[in-house]
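A closer look at the structure
In case you want the letters, here they are:
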Amino acid sequence: MTLTLPAGLTARATVAASSANLGPGFDSLGLALALYDEIFVETADAGLIIEVEGEGAGQVPLGPEHLVVRAMQRGLLAAGTDVAGLVVRCRNAIPHSRGLGSSAAAVVGGLAAANGLLAQADREPLTESQLIQLSAEFEGHPDNASASVLGGAVVSWTDSRTTPPTYAAAPVRLHPDIHVFPGIPQVRSSTAETRVLLPTQVSHEAARFNLSRAALLVVALTERPDLLMTATEDVLHQSQRAPAMPASAEYLQMLRRCGVPAVLSGAGPAVLALSTSPELPAEAVEFGIAKGFTVNEMGIGEAVRWGSGVAVHG
């Protein structure tokens, strides 16, 4: 029997941005970034009110199709509950359509906010595994979503033999000497639009190349950051997406010419530099700025947090 939550319950969630793929780890490797969206919700007797501040204000839909609302409803349904009405306030810092996991963050944040409500109804909150599964079902791949759920670096995987596919992830302990520098442009890009640029089949040679680099990248991220340059090589998706984002492709190549391990962040157009130096070469920063990128060091994102009343979990 479904329990309808009473009006007047409040909850909040804080969820990190993410960078996916990290070069060779297509749809598998991810990294949370210390750039956060905040979500505040309150149950109501009826209706739906959505307010958005910051990124996406005036652009995202303000109805039941809003990702945060859809995710909340999915999370509540999984716990055998629903609501008659909702007030949702989103304070967004994660840029949209830049390859920084804004849609995954919205979904994970909505599910986490649902957990905040469930805690007040004496219902078991969704587990980390459930958060990863449900959020990845929205995304179709688990790399961004699992990074936002778990924080830090993650290895995720998909089992398509089940219906729906099973998604899971494990955290990776990031080496403390690694510094992260996102280069965020003003231009936008759609993951769906750039994914169609990828071939439906790849050669054994290309698959073998990326398998070796993805395995090496886990070693580089955890124990041997001196291997990051080789470990971030990719032949499956970055060059194929380059025609859709020439400035990003040019900046990526320039960083690597300067000896900086750099990758396309997710489907782009943001670029992510991974370095053992606390600063990028001056010419790399200047080049990025001249091409319209904002380039700053950013911390590693924490696991999603959710709260009901004063308590915060995560």
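Below or above, wherever it landed, is the structure these notes cover. Please read all numbers here as calculations on a predicted model, not as lab measurements. (Residues numbered from 1 in each chain as written. Predicted model: local features only at pLDDT ≥ 70, side-chain atom pairs only at ≥ 80, totals over all residues. Heavy atoms only, no water.)

1. A look at the sheet that holds strand 12 (residues 293-295)
One open sheet accounts for four strands, arranged 10-11-9-12; its pairing is antiparallel. The sheet terminates laterally at strand 10 (262-264) and strand 12, the two strands that pair on one side only. Shown here is a sheet whose adjacent strand axes are inclined to one another by a mean of 20°, direction ignored. Pairing of strand 9 (residues 179-185) with strand 12 involves three bridges; the strand directions are antiparallel. Residue Ile-184 lies in a different strand from strand 12, and its bridge partner there is Thr-294. Sheet strands in contact with helix 9 (residues 246-257) are strand 10, strand 11 (271-275) and strand 12, and its direction is about 165° off that of strand 10. (Pairing = 2+ DSSP bridges. Helix = DSSP H or I, 4+ residues; strand = E, 2+ residues; numbered from the N terminus. Axes fitted to C-alpha atoms, helices over the stretch in contact; angles between N-to-C directions. Contact = heavy atoms within 4.5 Å.)

2. A closer look at the environment of Glu-53
The topology assignment puts Glu-53 in strand 4 (residues 47-54). Overall, the relative accessible area of 47% leaves Glu-53 in the partly exposed class. Measuring from C-alpha to C-alpha, the distance between Glu-53 and Arg-213 comes to 40 Å, with 160 residues separating the pair along the chain. Apart from residues no more than four positions distant in its own chain, Glu-53 is found in contact with Cys-90, Arg-91 and Asn-92. (Buried < 20%, exposed > 50% of the residue type's maximum accessible area, 1.4 Å probe, protein only.)

3. As for the pairing of strand 6 (residues 85-92)
Counting buried positions along strand 6 yields six of eight residues, so the element is predominantly enclosed. As judged from the eight bridges shared by strand 4 and strand 6, these two strands associate in the parallel manner. Residue pairing for strand 6: Val-52 is matched across the bridge by Cys-90.

4. Concerning helix 2 (residues 102-119)
In an α-helix, one full turn covers 3.6 residues, which means residues spaced three or four apart are oriented alike. Here helix 2 spans 26 Å end to end across 18 residues, near enough to the 26 Å set by a 1.5 Å rise per residue. For helix 2, the buried fraction is high: 16 of the 18 residues fall into the buried class. (Expected span 1.5 Å × (residues − 1).)

5. Comments concerning the layout of surface pockets
There is about 190 Å³ of room inside the second largest pocket. Residue lining of the second largest pocket: 13 residues in total, with Gln-238, Ser-239, Ala-249, Leu-252 and Gln-253 positioned closest to the centre. Residue assignment for the lining of the second largest pocket shows that the elements contributing at least two residues are helix 8 (238-241) and helix 9. A per-element tally of the lining of the second largest pocket places helix 9 first, with five residues. For the lining of the second largest pocket, a count of residues per class yields five nonpolar, five polar and three charged. (1 Å grid on protein atoms, 1.4 Å probe; cavity = no way out; pocket = protein on both sides within 12 Å on 5 of 7 lines; lining within 4 Å. Points joined across faces, edges and corners; volume = space filled by probe spheres on them. Nonpolar A, V, L, I, M, F, W, Y, C, P; charged D, E, K, R; others polar.)

6. A word on the packing of aromatic side chains
Tallied over the full model, the rule gives two aromatic pairs. Consider the rings of Tyr-251 and Phe-293, whose centres lie 4.9 Å apart with planes at 40°: the pair is tilted. With Tyr-251 in helix 9 and Phe-293 in strand 12, the pair connects residues that are 42 residues apart, well separated along the chain. Note on Phe-293: relative accessible area 3%, which makes it buried. Here the aromatic cluster, defined as three or more aromatic residues joined through ring pairs, consists of Tyr-251, Phe-287 and Phe-293. Sitting over the face of the ring of Phe-209, Arg-213 holds its NZ or CZ atom 3.9 Å from the ring centroid. (Phe/Tyr/Trp six-rings, centres within 6.5 Å; stacked < 30°, edge-to-face > 60°. Lys NZ or Arg CZ within 6 Å of the ring centre and 35° of its normal.)

7. Details of the pattern of salt bridges
Counting across every chain of the model gives seven salt bridges. Across the pair Glu-38 and Arg-91 runs a salt bridge, and its minimum N-O distance is 3.3 Å. Here the residue Glu-38 occupies a position in strand 3 (residues 29-44), and Arg-91 occupies one in strand 6, the gap between them amounting to 53 residues. A relative accessible area of 41% means that Arg-91 is categorised as partly exposed. For Lys-291, the salt bridge is made with Glu-250, and the minimal N-O distance between the two is 3.1 Å. Within this pair, whereas Lys-291 is found in the loop between helix 10 (282-290) and strand 12, its partner Glu-250 is found in helix 9, the two being separated by 41 residues in sequence. Among the residues examined, Lys-291 registers a relative accessible area of 35% and is labelled partly exposed. (Salt bridge = Lys/Arg side-chain N within 4 Å of Asp/Glu carboxyl O.)

8. Let's talk about the side chain of Ser-156
By the element assignment, Ser-156 lies in strand 7 (residues 153-159). With a relative accessible area of 3%, Ser-156 lands in the buried category. In terms of polar contacts, Ser-156 uses its side chain to reach the backbone carbonyl oxygen of Ser-28, at 2.7 Å. Those residues within four positions of Ser-156 in sequence are excluded, and the remaining contacts are Asp-27, Ser-28, Pro-142, Asp-143, Ser-146, Ala-168 and Ala-169. (Polar contact = N/O pair within 3.5 Å; in protein donor to acceptor, adjacent residues only side chain to side chain.)

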